[in-house]
Amino acid sequence: MGFARACSVALVGVEGVVVEVQADLEPGVAAFTLVGLPDKSLVESRDRVRAAVVNSGAEWPQKKLTVGLSPASVPKGGSGFDLAVACSVLGAAERIDPAAIADVVMIGELGLDGRVRPVRGVLPAVLAAAEAGYRQVVVPEQTAGEAALVPGVSVLGVRSLRQLIAVLADEPVPDEPAADRSRPDPLQAGLMLPGAGVGTGLVAGGGRRAGQPPDLADVAGQTRARTALEVAAAGGHHLFLSGPPGAGKTMLAERLTGILPPLSRRESLEVTAVHSVAGILPPGEPLVTRAPYCAPHHSATMQSLVGGGNGLPRPGAVSLAHHGILFLDEAPEFSGRALDALRQPLESGHVVVARAAGVVRLPARFLMVLAANPCPCGRHTLTGAGCECPPSAVRRYQARLSGPLLDRVDLRVEVEPVGRADLMGGGGRGESSAEVAVRVREARVRAAERLAGTPWTTNSEVPGHELRTRLTAAPGALMAAERDMERGLLTARGLDRVLRVAWTLADLRAADRPDASDIAVALELRTGIHRGVPLKAGAS
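Residues numbered from 1 in each chain as written. Predicted model: local features only at pLDDT ≥ 70, side-chain atom pairs only at ≥ 80, totals over all residues. Heavy atoms only, no water.

(A) View of the overall build of the chain. In terms of regular secondary structure, the chain is built from 23 helices and 16 strands. Here the chain, with 540 residues, has 52% of them falling under the buried criterion. In the chain, 72% of the contacts between residues at least 6 apart in sequence involve partners at least 24 apart. Of the roughly 23,100 Å² of accessible surface on the chain, a fraction of 52% belongs to carbon and sulfur atoms. (Helix = DSSP H or I, 4+ residues; strand = E, 2+ residues; numbered from the N terminus. Buried < 20%, exposed > 50% of the residue type's maximum accessible area, 1.4 Å probe, protein only. Contact = heavy atoms within 4.5 Å. Areas by Shrake-Rupley, 256 points an atom, 1.4 Å probe, with all protein chains shown as cover.)

(B) Structural detail: the packing of helix H5 (residues 122-131) against helix H11 (residues 265-278). Look at H5 against H11: their axes get within 7 Å of each other, and the N-to-C directions meet at 120°. One finds that H5 runs oblique with respect to H11. Across the interface between the two elements, Val122, Leu123 and Pro124 from H5 touch Leu269, Thr272, Ala273, Ser276 and Val277 from H11. (Axes fitted to C-alpha atoms, helices over the stretch in contact; angles between N-to-C directions. Parallel < 35°, antiparallel > 145°, perpendicular 65-115°, else oblique.)

(C) Molecular detail of the sheet that holds strand E11 (residues 293-294). Overall, parallel pairing links the five strands, which are arranged E11-E12-E15-E10-E16 in an open sheet. The open sheet has two free edges, formed respectively by E11 and strand E16 (411-414), since each of these has just one partner strand. Bridge count between E11 and strand E12 (residues 325-328): two bridges; the pairing is parallel. Counted as the bridge partner of Tyr293 is Ile325 from E12. The strands touched by helix H9 (residues 223-235) are strand E10 (239-242), strand E15 (367-372) and E16; relative to E16, the strand with the most contacts, the crossing angle is about 165°. (Pairing = 2+ DSSP bridges.)

(D) Focus on the state of the cysteines. Inspection of every chain in the model, using the stated rule, returns zero disulfides. The thiol sulfur of Cys389 is not disulfide-bonded, and the nearest other cysteine sulfur, from Cys377, lies at 3.6 Å. (Disulfide = S-S within 2.5 Å.)

(E) Highlighting helix H19 (residues 433-450). The end-to-end C-alpha distance of H19, which contains 18 residues, comes to 26 Å, matching closely the 26 Å that a straight helix rising 1.5 Å per residue would cover. Among the residues making up H19, those that are buried are Ser433, Val436, Ala437, Val440, Ala443, Ala447 and Arg450. On an axial view of H19, the arc spanned by its buried residues comes to 145°, and they lie on one face. Exposed residues lying more than 90 degrees from the buried face of H19 are Ala434 and Glu449. Elements that come into contact with the buried residues of H19 comprise H9 and helix H22 (492-508). (Expected span 1.5 Å × (residues − 1). Arc of directions from axis to C-beta.)

(F) Inspection of the pattern of salt bridges at higher detail. Counted by the stated rule, this structure contains 27 salt bridges. One salt bridge in this structure joins Arg48 and Asp82, with 2.7 Å as the shortest N-O distance. Of the two residues, Arg48 is situated in helix H2 (residues 45-55) and Asp82 in helix H3 (residues 82-92); the sequence distance between them amounts to 34 residues. Accessibility classification places Arg48 together with Asp82 in one group, the buried group. Here Arg266 ties to Glu270 by a salt bridge, and the two come within 2.8 Å at their closest N and O atoms. Of this pair, Arg266 and Glu270 both sit in helix H11, four residues apart, roughly one helical turn. Taking the relative accessible area as the measure of exposure, Glu270 reaches 26% and is therefore partly exposed. Several salt bridges converge on common partners, so that one network encompasses Glu347, Asp407, Arg408, Asp410, Arg493, Arg497 and Arg526. (Salt bridge = Lys/Arg side-chain N within 4 Å of Asp/Glu carboxyl O.)

(G) Inspection of a nonpolar patch on the surface at higher detail. There is a patch of nonpolar side chains on the surface, built from Leu156, Val167 and Val173 and spanning about 210 Å² of accessible area. As for its placement among the helices and strands, Val167 is situated in helix H7 (residues 161-168). On the basis of relative accessible area, Val167 is assigned to the partly exposed category, the value being 38%. (Patch = residues over 30% accessible without salt bridge, like charges linked within 9 Å, V, L, I, M, F, W, Y side chains within 5 Å.)

(H) Representation of the nonpolar core. Counting 59 residues, the largest nonpolar core has Leu239, Leu256, Ile259, Val369 and Ile519 as its most contacted members. Setting aside chain neighbours within four positions, we find Val369 in contact with Leu239, Leu241, Ala253, Leu256, Ile325, Leu326, Phe327 and Leu328. In terms of nonpolar packing, the next biggest core, distinct from the first, is built from 39 residues, Val21, Leu65, Val85 and Leu90 among them. (Core = buried A, V, L, I, M, F, W, Y, C linked by side-chain atoms within 4.5 Å.)

(I) The pairing of strand E1 (residues 2-12), seen in detail. Direction of pairing for E1 relative to strand E2 (residues 15-26): antiparallel, over a ladder of eleven bridges. In the sheet register, Gly2 faces E2, and the bridge partner there is Leu25. With antiparallel pairing between neighbouring strands as the criterion, E1 and E2 make up a hairpin whose turn holds two residues, including Gly13 at a positive phi of roughly 70°.

Here is the structure:
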């Protein structure tokens, strides 16, 4: 009787569970049994592994073979277990030393010819292995760079099962032909879901795959909207842009990525893990360093926004926009259920999706940008434009964005149509994204220094209790906000969000704490009521 074990990782959402792959050989009729709650794609690994082992020059054991995946209570799926199954079988057959693979985590799919194909979710799988105490990982060569992002782990990238057998048996490693660089590598297809980039909106204007994001200097006029954009980027505040068609709402939202600061190391790893699981991580780009930009179409379902699908839930648009921007263009055209499902992740920074197959917690801390027309035809606010929408239709259209959802939006700006002078260059070229990004980065540094030692890094994350007790505004600065609250113009949550925006405005002008003018600007950005102060971020 022969026994050997190797390790692999089962992904549950974007979190990994280390699975022990055990192989047992007993005398009897040759058979291959796979147990441990596998799905259809994992059951099919029996045929893939057998063919890969034989075509790699090793002998397949003609005995009763049982492969168990432990813990058996965790659902397991995908083809990433192939490499661990093959090595455990070869260890049980004493082709390789069982002790050499006992504490090695192996992730990869096997082709029938023995080639090792890459799989999605390598980064979260290696992170889970490192947290469990494993220090040796074997992955496909194409994903070795992604696995190497995890510190303290020795990564071995292999092209074929033949190479791995030679390494484990301390034999000369055979040369494998490299892929032809003149055409796309067919092995990279395992890393991408067909159409995933288009379906999530990650390829659109401000997307990270489009190269450099468009410049804010291309926007003509729109002083109020540009100010709101800068405040949103500096403090991570949600933004609502309302205005007629052609005013520049989408143009502004696409340029928000250009003024956001680069992701920190921890944020980059979190974003890369989500994108790797979702199958939208571009081959050759193992680490996402820029804030993602996700712009789903208004026909998107609730499951595509917050996560879901058959079996275990998969990341939705809110998770793909983690530490980035979720832009909902034509927001009233989204279904009411889909929009209301955003309330919980907007507050908590994560989304919990419960399905029959299990409960998954997905990260979802994003900056939401809403864009909407004032009425179905879009001409309601234009003088002499001939809006034919009856008042009931206008009210019904605007009511599609529920009060509880808008109450979670810090900044609400009316985007006015661009005038002829601004459009033809008479008003001069506005500030570029690089100039605004410098102020945004400095404001974020001030906020991070003030919030050092706390679990928060931006002003939008600070709870209201801290703003009212420890991080207080200047004396008498809250009088206008208190009056609005007494008149019913502000809710308790609204007051907290006004304070958060005021702190961001103070950081932009390098002040120690917000004063009455900062509160007035924050109130105007939230309520739209003019307060008699210049609406401009930064030092006047």
